[in-house]
Amino acid sequence: MKNKSINQKNIFVSEEEKTLDWPTLQSDLKKNFGEEIYSSWLKSITLVKEYNDYLILGVPTRFFRDWIVSRYLDKILELVKNHKLSLSRIEFKIVEEQKAVNGENFKIEELSKITEIKDSILNYNRLNTNLSFENFIKGSSNEVALSYSKKVCEQSSRYNPLYIYGGVGLGKTHLLNAIGLELQKDKDVMFISAERFMYHFIKSIKKNDMVNFKDFFRKASVFIIDDVQFIRGKESLQEEFFHTFNSLMEKGSQIVISADRPPMKLDRVQERIKSRLSGGLIIDIDVPDLQLKKDIIKNRIDYMQNQFKEHINISDEVINFISTEAKTNIRELLGVLNRVIAFGRVHKRILNASDCKNILKDVFNQAKIITVDKIQNTVSNFFNITLTDMLSQRRSRPLARPRQVAMYLAKKLTTRSLPEIGRRFANRDHTTVIHAVKTITKLSEKDEEMKKNLIQIKSLLLEN
Ligand code: ADP
Ligand code: MG
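Residues numbered from 1 in each chain as written. Chains lettered and ligands numbered in written order. Predicted model: local features only at pLDDT ≥ 70, side-chain atom pairs only at ≥ 80, totals over all residues. Heavy atoms only, no water.

Some details on the sheet that holds strand β4 (residues 162-165)
Judged by pairing direction, the sheet is parallel, and its five strands sit side by side in the order β5-β6-β7-β4-β8 without closing on themselves. Here the strands that pair on one side only, and so sit at the sheet edges, are β5 (189-193) and β8 (281-284). When strand polarity is set aside, the average angle formed by the axes of neighbouring strands in this sheet is 15°. By the bridge criterion, four bridges tie strand β6 (residues 222-226) to strand β7 (residues 254-259) in an arrangement that is parallel. Looking at the pairing, I225 lines up with I257 of β7. (Pairing = 2+ DSSP bridges. Helix = DSSP H or I, 4+ residues; strand = E, 2+ residues; numbered from the N terminus. Axes fitted to C-alpha atoms, helices over the stretch in contact; angles between N-to-C directions.)

Thoughts on the pattern of salt bridges
All told, the structure shown has 14 salt bridges when counted by the stated rule. For the salt bridge of E448 with K451, the shortest nitrogen-to-oxygen distance reads 3.2 Å. Note that E448 and K451 are positioned in helix α24 (residues 448-463) at a spacing of three residues, about one turn of the helix. Overall, the relative accessible area of 54% leaves E448 in the exposed class. (Salt bridge = Lys/Arg side-chain N within 4 Å of Asp/Glu carboxyl O. Buried < 20%, exposed > 50% of the residue type's maximum accessible area, 1.4 Å probe, protein only.)

Observations concerning the site of ligand 1
The environment of ligand 1 is formed by 17 residues, the closest being I137, G169, K172, T173 and H174. Taking I137, its main chain carries an N or O atom lying 2.8 Å from a nitrogen atom of ligand 1. The separation between an oxygen atom of ligand 1 and a polar main-chain atom of L170 is 3.2 Å. In the complex, the protein chains occlude 89% of the 560 Å² of accessible area that ligand 1 would expose alone. Listing elements by their share of the shell around ligand 1, those giving two or more residues are α9 (172-183) and α16 (330-347). (Near = heavy atom within 4 Å. Polar contact = N/O pair within 3.5 Å; in protein donor to acceptor, adjacent residues only side chain to side chain. Areas by Shrake-Rupley, 256 points an atom, 1.4 Å probe, with all protein chains shown as cover.)

Some details on the side chain of Q229
Along the polypeptide, Q229 turns up in the loop between β6 and α12 (235-250). Looking at Q229, the relative accessible area reads 9%, which means it is buried. Within the structure, the side chain of Q229 is placed 3.2 Å from the backbone nitrogen of D260, a separation counted as a polar contact. Excluding residues that lie within four positions of it along the chain, Q229 makes contacts with S258, A259, D260 and L266. (Contact = heavy atoms within 4.5 Å.)

Quick word on the packing of aromatic side chains
According to the stated counting rule, one finds 13 aromatic pairs in the structure shown. With a centroid separation of 6.4 Å and an interplanar angle of 85°, the aromatic rings of F217 and F223 are classed as edge-to-face. Residue F217 shares its accessibility class with F223, and that shared class is buried. Aromatic ring contacts, followed pair by pair, group F197, F213, F216, F217, F223, F241 and F245 into a single cluster. Here the basic side chain of K151 rests over the ring of Y148, its NZ or CZ set 4.5 Å away from the ring centre. (Phe/Tyr/Trp six-rings, centres within 6.5 Å; stacked < 30°, edge-to-face > 60°. Lys NZ or Arg CZ within 6 Å of the ring centre and 35° of its normal.)

Some details on the environment of A178
You can see A178 is positioned in helix α9. Relative accessible area serves as the criterion here: at 1%, A178 is assigned to the buried category. In the structure, A178 is positioned 47 residues away from L131 in sequence and 5.7 Å away in space, judged by C-alpha atoms. Sequence-distant contacts of A178, that is, excluding residues within four places in its chain, are made with L131, S132 and F133.

Structure below.
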């Protein structure tokens, strides 16, 4: 992939420099995450190397890295951005212990490799070798998506574009990445998140370098774009995306797309793009059932045993407990498993379910802090209406249904009473809330669309 660059230096030149004050950031981390999380996880992070728009941080083990990335990365990124506006990415390096002791905490050759690709788009086009088909566990919720992902690799452009959608942490990026790994063996693969695409687009406009931008994205023979819901808004960007898309289709490139919702539900995206995206095969990934969650956990334990060459002793009782408690998000599920394993290690004993309950108290409780505000915002966003409209007195179906869904979720997911919920919905009576709960309950039993919507909204709510 490397030698295919077209004058990339010109496209992505660094922005104004701003250096990070590491001790200050650390005290920020402590303040924001609290003493406990800070001292068990974040304190050991070191600043390895700083670039204009990204950082390399050191962590002691792979396990630490996975844990931090899965649970804290978003917030860390946010905090660092307060100090360093141009930041767009954080990368973690495993810093070997003896090097850390010497005070020399990174490998020279590793760094020069990174410097080489610094500021180039290749940096964002890297596929993760761990996210392969081999490591993807099949279950009833994802088998269709898995099977078509494989088919695309065998018969490129037959299903074009392939569009995979589903809630957070259900394996979309993993599948896209696996397709990329498979196809890059003999094709020119471009793998990018829609957010990154946007970022490069805006950067190229600023640098007045659209020609290179266009060339760059249009020469891929496989174009994989993750989280396409982020291309919303910005007309000029959508225009560019549309043209990129068309010219790739014209020359017969395979396009693979993921999003958190079906094409027609994309928010603030032009109709013609939605219909373009719908032109191939659309498949969803559903939330995992208990069996899949257990299979994923078992597989991960095997993987870690091989990786760390150590025996991990986790009873079926504990596997059951974790699989049942961790609701839908597989990323969360793996995070929880890591935590249990870490405690087992520290305390050097086999844990039972009630230990786990204690260890994971904050995780499972945290997920349950869902407020009426958050529900209202999420639901109105999801249905692509404004909050004001949703709370208004208007009774048309496109507003009334989302309103009822929001009331229903407020009743199911918060501890608020019916009158309280009514008040939060522009002072409605509690009988209106009861009616909404009944209506949606009924619909959720017989209407497939409603069932799906509720699952997706819940997973959006549990995301943070
Ligand atoms: P999404 O992109 O849908 O938000 P990801 O693909 O990032 O979700 O998946 C979240 C985590 O769960 C990743 O670590 C991924 O490897 C893991 N994962 C998801 N589905 C599976 C699966 N079927 N088998 C193994 N790991 C999975
Ligand atoms: Mg993803």
